[in-house]
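Structure at a glance
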Amino acid sequence: MGQGGQDCESLEAVSKKLNDRKASSFPAWARDVAECEKHYRTSRACGLKSEDVERRRKLYGPNELEHHEGVSILSLILEQFNDTLVRILLGAAVVSFILAWYSGEGGGANKEITAFVEPLVIFLILILNATVGVWQESNAEKALEALKEIQSEQATVVRDGKRVPNLPARELVPGDIVELKVGDKVPADMRVLELISSTLRLEQGSLTGESEAVNKTSKVVVEDADIQGKRCMVFAGTTVVNGNCICLVTQIGMETEIGKVHTQIHVAGQSEEDTPLKKKLNEFGEALTIIIGVICAFVWLISVKYFLTWEYVDGWPRNFRFSFEKSTYYFEIAVALAVAAIPEGLPAVITTCLALGTRKMAQKNALVRKLPSVETLGCTTVICSDKTGTLTTNQMAVAKLVAVGSSPDQLRTFKVEGTTYNPFDGKIHDWPTGHMDANLQMIAQIAAVCNDAGVARSEHKFISHGMPTEAALKVLVEKMGMPEAVSESNELLRCCKWWTEYERRIGTLEFDRDRKSMGVIVSSGSGKKLLLVKGAVESILERSSKIQLLDGSVVELDQNSRSSILQSLNEMSTGALRCLAFAFRNELPEFESYDGSEDHPAHKLLLNPSNYSMIESGLIFAGLVGLRDPPRGEVYQAIQDCRAAGIRVMVITGDNKNTAEAICREIGVFEHDEDISFKSLTGKVFMNLQNKKDHLRQSGGLLFSRAEPRHKQEIVRLLKEDGEVVAMTGDGVNDAPALKLADIGIAMGIAGTEVAKEASDMVLSDDNFSTIVAAVGEGRSIYSNMKAFIRYMISSNIGEVASIFLTAALGIPEGLIPVQLLWVNLVTDGPPATALGFNPPDRDIMQKPPRKSDDSLISTWILFRYLVIGLYVGIATVGVFVIWYTQASFLGIDLSGDGHTLVSYTQLANWGQCSSWKNFTAAPFTAGSQVLTFDSDPCDYFQGGKVKATTLSLSVLVAIEMFNSLNALSEDTSLLTMPPWVNPWLLLAMSVSFGLHFLILYIPFLARVFGIVSLGFNEWLLVLVVSFPVIFIDEILKFVGRCMNRLQRSRGRKPVKPKAE
């Protein structure tokens, strides 16, 4: 173990001098072993001394990832109120509470209850909103905790010349000597000093994106190598899958590659932006604040004459009289106007709609972790997808089998179907029926026996044990079938089992990087000893001197045969297939009597790997196969759907360039004959471009291969800066920073690491790219439906504002009180608004380009429609109030049955001066189950006596908003084309809302709380007559909108192209 190192005595003299430079600044991968030992002042034989370890620990700290302090609960709570709509609601609630406190001092218990309902309900909404927000955001940093879980906990270290097993990994320092064996998790970034086994393989795909286990060596690589190219380095958090070695710790903690990922995740988490919808709602809230402020001030100003009067003396105002009671009353009207303008139910309805969307997506295998991401998906303009496991199956499969024909230069090529480890997935084309010739039998024999992998069924899928390449070979053997005259079996790998029993394995020549092959010595059922070999085609061909023909005969391997084989190899390699050759040797004099016994002289040959090349010489070539990680069958159509929907697809992978390009052509990211020299770059080349944004703006698909985490982050960052809405997929630790930074981070549910899942917004339970496309379509549908209920709620709110404004402008008594408006906004409007979220999607929803993230939520034409509808709502609610006071009948409907007193419009508009009217009396009238009298104070007829007029106004508001919800089914389509029953949930919701309204009308306690009474048949008839025209008005506006759209199309107005085009 001490080969090439300093001895303990010479080290002792220099171990007290600690290298002051940071360990991470030394490129250990580009320096030989002796130079690395010298730099870190250590040796393989003795390791570090105890006092040296202590000094280094003080300098470098513990080998662990930093713990970033999360945001405090108090800060999270305060952050929930950093929202314009929420601040408006909070202000309205505070003012309402003060007014309720003031008015409660002089009123009865019933008045007190009514006054406090409004502020308490608003406060309850704010508390629930803050609770949900805090709960969501407190889970945001779990990705960092998940990252810590993949770190190794223990390590075997050499210190003071002694082997220390199970040392806590956090105690490692740069310069420590660590032993690694199969199954170990690497505890730090380390330089490989020496291989104990003939080969060393590590699974580092989660960190680098490589689809296969990587061979490691102790040989030097170039200094500017990317992370995948550092073959002499092992990285923290990766796993040893084959071999043993001795390593030198070079980086620990936050200096490791996984530490850099930790930092990137933290930085990306700090720069999270609001979703497009949140931005739009914030903009809407800010505009609403200004509008509410202006209207409230205007209402206050036009009401000044009612509570502040004066006389002119000598041309100057004198004798000012101020009525505090009336000023408070008109201030309450202003507050009511604010409550009417705020769509209190909007946050709850949006949350409900998004939650329903998550359920729909879950049925399509997309599990949403963060609600706002449902809507963001709808405006995705770029999907940055990983290749391995997302566009491909992440399961190796044989695509081509090449066997030898009846002459040495004649090769037979068979196309092999199947993309998984399922032996029954696909077949071999043009396969000979009945008898399998001797050459094919030899290929099956080598593929089955010279193999350490296995395949098993797990729930509804097939999984591999061991190397994926070897598992694919076993699946191939099953597709090739049984040799002739062999009875069938129910075993999953029945053919492989038969071959392994027929050819008993007695010795193994392990794979190593020098000879690039693996061999096994078997005791054949025929009684002979055979050497079966598989490996790299060029290496096997170089050591082969003969070739087996179709009938089993063996002839010399001439130059023509070699050229044919190399040509076939070139064709498969160009198609991004990984090629393996099969060969055998049937004359093994040294092993003729060998039975696997350790006492046999031949056993010593197998103990020394340097003998393997000699044993594997004089081989007989049998054939070759081409393997790949195949693309998923449904991905091609999904890519086409993206193209039709105006979404660009960029593939960002850690895999090599040729393989990635071949897959991209096959799945439709690139055309088969397309020049992609400027569209396919490695991560390193892209980072060196002068103008990266210009490259990213190219139309069509792009490919970035050999990409590192920082490359992925930079691509996402640049795209976002350019105004794109980016969805990023990934499964590994290396993907987590980019997942966190993207607008939508999408992790793989099957192959994904916990780090990637915790950093994501959405998890694919089937790891399938086509699921993303389906989710985008669902996101677009949800946004369209959200616009429908926002359209509905805002037009209703404008109507309420118009009603209160007209009340104040006309000077008539207040028709709607704040608690009634709050009931309508929260309860009555809630079910229809939620039901609009169930609107069926447009048929061409995935044929339209994505909406831009800066598109306005409400267009000028839609705003005009809101104002027209809102004005009618205001006129209808105020109008029915005026009608009840001034008219005995309306359109033939008799309203005098309750015996109420009729007044003129002038009297109604000047009701505040009632006390100065002479001989004014108000007759008693029936209101629900009670009779109201005004003997003591006739002027109370305009306050206490307005209870029925108020009920009519409220009922008209509810009815008109129910009919208006039908208008919101479509932005421009007529109800004749899209009838109400296309969304049966909306009809049910309307019934629920009417039911709730009847509840507060006909239950006495609730009627008292809301200040209303029950209505008779004629009064309900009046409500319907006044409310129904809202449908006709919007139908006319929709017709005008359709005509405008047709006119624009007829003028040949071209749609705005995406930025990339």
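The following refers to the structure shown. This structure is a prediction, so every number in the text was calculated from the model and none was measured.

1. Quick look at the overall build of the protein
- A count of helices and strands for the protein gives 38 helices and 34 strands.
- In the protein, which comprises 1061 residues, the proportion classed as buried is 55%.
- The long-range share in the protein, meaning contacts at least 24 apart out of those at least 6 apart in sequence, stands at 71%.
- Accessible surface, the protein: about 45200 Å² in total, of which carbon and sulfur atoms supply 56%.

2. Some points on the pairing of strand E29 (residues 744-748)
- The element E29 is extensively covered by neighbouring structure, given that five of its five residues are classed as buried.
- Alternating positions in E29 separate into two faces, Ile744, Ile746 and Met748 on one and Gly745 and Ala747 on the other, with burial throughout.
- Direction of pairing for strand E28 (residues 726-730) relative to E29: parallel, over a ladder of four bridges. Note on E29: the bridge partner recorded for threonine 729 is isoleucine 746.
- Both E29 and strand E30 (residues 762-764) contribute to a ladder of three bridges, which runs parallel. Paired with isoleucine 746 across the bridge in E30 is methionine 762.

3. Quick notes on the pairing of strand E23 (residues 578-585)
- Counted residue by residue, E23 has seven buried out of eight residues, so it is predominantly covered.
- Bridging between strand E20 (residues 529-535) and E23 involves five bridges; their strand directions are antiparallel. Within E23, the position partnered with lysine 534 by the bridge is phenylalanine 582.
- Across seven bridges, the pairing between E23 and strand E24 (residues 619-628) is antiparallel. Residue alanine 581 lies in a different strand from E24, and its bridge partner there is leucine 624.

4. Description of helix H2 (residues 33-40)
- Among the residues making up H2, those that are buried are Val33, Cys36, Glu37, His39 and Tyr40. Along the axis of H2, the buried positions cluster into a sector of 165°, meaning they face one direction only.
- On its buried face, H2 is in contact with helix H3 (50-60), strand E4 (189-195) and strand E9 (245-251).
- Just downstream of H2 lies arginine 41, where phi reads positive at about 50°.

5. Overview of the nonpolar core
- Counting residues in each nonpolar core, the largest one holds 125 residues, and the members touching the most others are Phe769, Tyr885, Tyr941 and Phe942.
- Ranked by residue count, the leading element in this core is helix H29 (residues 769-810), at 14 residues.
- Ala225, Leu702, Val755 and Ala759 belong to the second largest nonpolar core, which has 52 residues in total.

6. A few points about the packing of aromatic side chains
- Tallied over the entire structure, the rule returns 26 aromatic pairs.
- Centroid distance tryptophan 499 to tyrosine 502: 6.4 Å. Interplanar angle 80°. Geometry classified as edge-to-face. A residue pair is termed a helical-turn pair when its members lie 3 or 4 positions apart in one helix, as tryptophan 499 and tyrosine 502 do in helix H17 (residues 494-502) at three residues.
- A relative accessible area of 34% means that tyrosine 502 is categorised as partly exposed.
- For the ring pair tyrosine 941 and phenylalanine 942, a centre distance of 5.7 Å and an interplane angle of 65° mean the geometry is edge-to-face. Across the pair, phenylalanine 942 and tyrosine 941 agree in class, each one buried.
- Ring-pair connections join several aromatic residues into one group, and the members of that group are Phe881, Trp884, Tyr885, Trp917, Phe920, Phe925, Phe934, Tyr941 and Phe942.
- Here lysine 230 stacks its cationic end above the ring of tryptophan 29, 3.8 Å away from the centre of that ring.

Rules of the game
Residues numbered from 1 in each chain as written. Predicted model: local features only at pLDDT ≥ 70, side-chain atom pairs only at ≥ 80, totals over all residues. Heavy atoms only, no water. Helix = DSSP H or I, 4+ residues; strand = E, 2+ residues; numbered from the N terminus. Buried < 20%, exposed > 50% of the residue type's maximum accessible area, 1.4 Å probe, protein only. Contact = heavy atoms within 4.5 Å. Areas by Shrake-Rupley, 256 points an atom, 1.4 Å probe, with all protein chains shown as cover. Pairing = 2+ DSSP bridges. Arc of directions from axis to C-beta. Core = buried A, V, L, I, M, F, W, Y, C linked by side-chain atoms within 4.5 Å. Phe/Tyr/Trp six-rings, centres within 6.5 Å; stacked < 30°, edge-to-face > 60°. Lys NZ or Arg CZ within 6 Å of the ring centre and 35° of its normal.

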